[in-house]
There are 2 protein chains.
Amino acid sequence: MAKIYSRTDLAIISIVVIMITISSCRDAEEQKSNVDAIHQKLIFAKGEKITNNNFTGNAYLQMLINADSLNQTSVGNVTFEPGARTKWHLHPAGQILLVTDGVGYYQEKGKLKKILRKGDSVKCPPNTEHWHGASPDTFFVQLAITGREKGETVWLNAVSDEEYLK
Amino acid sequence: MAKIYSRTDLAIISIVVIMITISSCRDAEEQKSNVDAIHQKLIFAKGEKITNNNFTGNAYLQMLINADSLNQTSVGNVTFEPGARTKWHLHPAGQILLVTDGVGYYQEKGKLKKILRKGDSVKCPPNTEHWHGASPDTFFVQLAITGREKGETVWLNAVSDEEYLK
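Residues numbered from 1 in each chain as written. Chains lettered and ligands numbered in written order. Predicted model: local features only at pLDDT ≥ 70, side-chain atom pairs only at ≥ 80, totals over all residues.

**Brief notes about the overall build of chain A**
Let me state the cut-off plainly: In this description a helix means any DSSP run of H or I spanning at least four residues, a strand means any run of E spanning at least two, and both kinds are numbered starting from the N terminus. Backbone-placed C-beta atoms define the burial measure: a residue is buried with 20 or more other C-beta atoms within 10 Å of its own, exposed with 12 or fewer, and partly exposed in between. Once C-beta atoms are placed from the backbone, any two residues with those atoms within 7 Å are in contact.
Helices and strands together make up the secondary structure of chain A, namely 2 helices and 12 strands. Of the regular secondary structure in chain A, the N- to C-terminal order runs α-β-β-β-β-β-β-β-β-β-β-β-β-α. The burial tally for chain A puts 30% of its 166 residues in the buried class. Contacts spanning at least 24 positions in sequence make up 70% of the contacts within chain A whose residues lie at least 6 apart.

Put into structure tokens, the structure is as follows:
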């Protein structure tokens, strides 16, 4: 004889089936969200870890456009890990920063630190001492557009923890 | 007396419940995917529809950085609807294009058309006749970085359908 079920049995079984199905849907969504996040970060390649002495913490650089004798502007994609930042420095022909992801800081000497988020842009005037980098808890991705026609970047002192957190 | 169900009833009801639950999960995922797509497009604002005579089809411009006497480089975010493109033109100090979304074209006079995708970058030399725009079926979003120190953009003829599709 076929086994029979009451309405209560049926309700319990249905709830279990719904919970299992929703749970597997959620897993799929979470996985998709992670892929989106990675995809998002990788509009431009992350590039290689910066090994020179001009940064504090870990940062990565992918040059997208190198300056040449005709086009004297370079574009680099810079990814800062949380807490990472440049040293104080200046550009003889100035620089433009375009933020594509994360949360970071930008500060010119003698001015207040600015918080930068995805979609923000900054114009740094020529020969103006400044630094930029990630916030303490969040990575920071920015395009750096640098005029090279008046000479190379001048690197100065490290940004101390006190300066960074002020 | 409580209604009773056979195993077959139970199987049919379970399948219906699973189908409904999966379907609602899918709707949620699709909605999320649309939001991601919009989020993606909006790293930088879309800006206003371009109303001058230098484009064919619909394109939108958000200036991010205007040139000034100290920083003579401008940055604009340009969004082309499918089929939209610039006229032939040239920049006295050259231009850099960075593709943030979609699929588009770039062509210098006398050379083959290049297909551009998210993450691609192009260096257009000074005084080089060229055009850029979306592919016929896909929108195209690009940052245009333009040196202004040697004069303004020179606009030329429209890109004919024959040239566009070649």
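Having seen the structure, we can now continue with the description.
**Structural notes on unusual backbone geometry**
All names here are of chain A. At Asn127, a residue that is not glycine, the phi angle is positive and equals roughly 55°. Counting through the fold element by element, Asn127 comes out in the loop between strand E9 (121-124) and strand E10 (130-134). In this structure Asn127 comes out as partly exposed when scored by C-beta crowding, with 14 C-beta atoms within 10 Å.

**Some remarks on the pairing of strand E11 (residues 140-147) of chain B**
Within a regular strand, side chains alternate between the sheet's two faces. Residue and element names in this part refer to chain B. To keep it simple, the criterion reads: Only strands joined by at least two bridges in the DSSP assignment are considered to pair.
Most of E11 is tucked away, with 8 of its 8 residues classed as buried. Burial of the side chains of E11 extends over both faces: Phe140, Gln142, Ala144 and Thr146 are buried on one face and Val141, Leu143, Ile145 and Gly147 on the other. Taken together, the 7 bridges between strand E7 (residues 95-108) and E11 define a ladder with antiparallel strand orientation. Among the inter-strand pairings, Val99 is bridged to a residue of E11, identified as Gln142.

**So, the environment of Gln142(A)**
Residue and element names in this part refer to chain A. Structurally, Gln142 is set in strand E11 (residues 140-147). For Gln142, a count of 27 C-beta atoms within 10 Å corresponds to the buried category. Separated by 75 residues in the primary sequence, Gln142 and Ala67 place their C-alpha atoms 18 Å from one another. Setting aside residues no more than four positions away along its own chain, Gln142 makes contact with Val78, Leu97, Leu98, Val99, Thr100 and Gly104.

**Brief notes about the nonpolar core**
Let me state the cut-off plainly: For the purposes of this analysis, a nonpolar core is taken to be any set of buried Ala, Val, Leu, Ile, Met, Phe, Trp, Tyr and Cys residues that are connected through C-beta atoms within 7 Å.
One finds Val75(A), Leu97(A), Leu98(A), Val75(B), Leu97(B) and Leu98(B) to be the most contacted residues of the largest nonpolar core, which totals 50 residues. With residues near it in sequence (within four places) discarded, Leu97(A) still touches Tyr106(A), Ser121(A), Val122(A), Cys124(A), His132(A), Gln142(A) and Ala144(A).

**Re the pairing of strand E4 (residues 73-80) of chain A**
Residues and elements named next belong to chain A. Burial runs high along E4: 6 of the 8 residues are buried. Sheet analysis places E4 next to E11, joined by 8 bridges and oriented antiparallel. Residue Thr79 lies in a different strand from E11, and its bridge partner there is Val141.

**Things to note about the environment of Ile18(A)**
Residue and element names in this part refer to chain A. Note on placement: Ile18 falls in helix H1 (residues 7-41). On the basis of neighbour count, Ile18 is assigned to the partly exposed category, with 15 C-beta atoms found within 10 Å. A C-alpha to C-alpha distance of 45 Å links Ile18 and Tyr60, two positions 42 residues apart in sequence.

**Focus: the confidence of the model for chain A**
Let me state the cut-off plainly: pLDDT is defined as a per-residue confidence score from the predictor, taking values between 0 and 100.
Averaged over all residues, the pLDDT of chain A is 88; the fraction at 70 or higher stands at 86%. Reported confidence for the predicted complex is 0.75 by ipTM and 0.77 by pTM.

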